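# Summary of structural features
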Amino acid sequence: MSKEFKFDVVIGNPPYQDNNISDTNKAPSIYPYFIDEAYKVGRIVELIHPARFLFNAGDTSKKWNKKMLMDPHLKVSYY
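Below is a short write-up of the structure. Please read these numbers as outputs of a predicted model, since none were measured by experiment.

## Topic: a nonpolar patch on the surface
Where nonpolar side chains cluster on the molecular surface, the patch consists of Val9, Ile11 and Ile44 and spans about 280 Å² of accessible area. Locating Ile11 in the fold gives a position in strand S1 (residues 7-12). Accessibility expressed as a relative area gives 67% for Ile11, which makes it exposed.

In structure tokens form, the structure reads like this:
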């Protein structure tokens, strides 16, 4: 039995990076996955996370960065 859950507000501080899984010191970002999932279940989403996407930088995909920058509902309340 599957139920769909919806919340009025999602507030959080998702993990920023996965465990380092390679020989380099670079750990992949995972916060975009948490942001996308929070948008699916919440009417209002307030999260603390890196703001690299504001400059189209970091290891998040350029497609995801653009999606975030073009979202009319996204508001940066503090940078």
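Following the structure, the description resumes.
## Some words on the packing of aromatic side chains
Throughout the structure, instances matching the rule amount to 3 aromatic pairs. When the ring of Tyr31 is compared with that of Trp64, the centres are 6.1 Å apart and the planes differ by 85°; the resulting orientation is edge-to-face. Taken as a pair, Tyr31 in helix H1 (residues 31-41) and Trp64 in helix H2 (residues 62-70) lie far apart in primary sequence, 33 residues in all. Relative accessible area serves as the criterion here: at 7%, Trp64 is assigned to the buried category. Taken together, a centroid distance of 5.6 Å and an interplanar angle of 80° make the contact between Phe53 and Trp64 edge-to-face. Of this pair, Phe53 sits in the loop between strand S2 (42-47) and H2 while Trp64 sits in helix H2, placing them 11 residues apart in sequence.

## Let's talk about the environment of Asp36
Note on placement: Asp36 falls in helix H1. Residue Asp36 is classed as buried on the basis of its relative accessible area, which comes to 19%. Sequence separation between Asp36 and Met68 is 32 residues; the distance between their C-alpha atoms is 9.8 Å. When sequence neighbours within four positions are dropped, the list of residues in contact with Asp36 reads Trp64 and Lys67. Within the structure, the side chain of Asp36 is placed 3.0 Å from the side chain of Trp64, a separation counted as a polar contact.

## What to know about the layout of surface pockets
By volume, the largest pocket amounts to about 690 Å³. Around the largest pocket sit 24 residues that line it, and Val45, Glu46, Leu47, Leu74 and Lys75 are the ones nearest its centre. At 6 residues, the largest contribution of residues to the lining of the largest pocket is made by S2. Looking at the lining of the largest pocket residue by residue, the class counts come to 15 nonpolar, 5 polar and 4 charged.

The rules behind these values
Residues numbered from 1 in each chain as written. Predicted model: local features only at pLDDT ≥ 70, side-chain atom pairs only at ≥ 80, totals over all residues. Heavy atoms only, no water. Patch = residues over 30% accessible without salt bridge, like charges linked within 9 Å, V, L, I, M, F, W, Y side chains within 5 Å. Areas by Shrake-Rupley, 256 points an atom, 1.4 Å probe, with all protein chains shown as cover. Salt bridge = Lys/Arg side-chain N within 4 Å of Asp/Glu carboxyl O. Helix = DSSP H or I, 4+ residues; strand = E, 2+ residues; numbered from the N terminus. Buried < 20%, exposed > 50% of the residue type's maximum accessible area, 1.4 Å probe, protein only. Phe/Tyr/Trp six-rings, centres within 6.5 Å; stacked < 30°, edge-to-face > 60°. Contact = heavy atoms within 4.5 Å. Polar contact = N/O pair within 3.5 Å; in protein donor to acceptor, adjacent residues only side chain to side chain. 1 Å grid on protein atoms, 1.4 Å probe; cavity = no way out; pocket = protein on both sides within 12 Å on 5 of 7 lines; lining within 4 Å. Points joined across faces, edges and corners; volume = space filled by probe spheres on them. Nonpolar A, V, L, I, M, F, W, Y, C, P; charged D, E, K, R; others polar.

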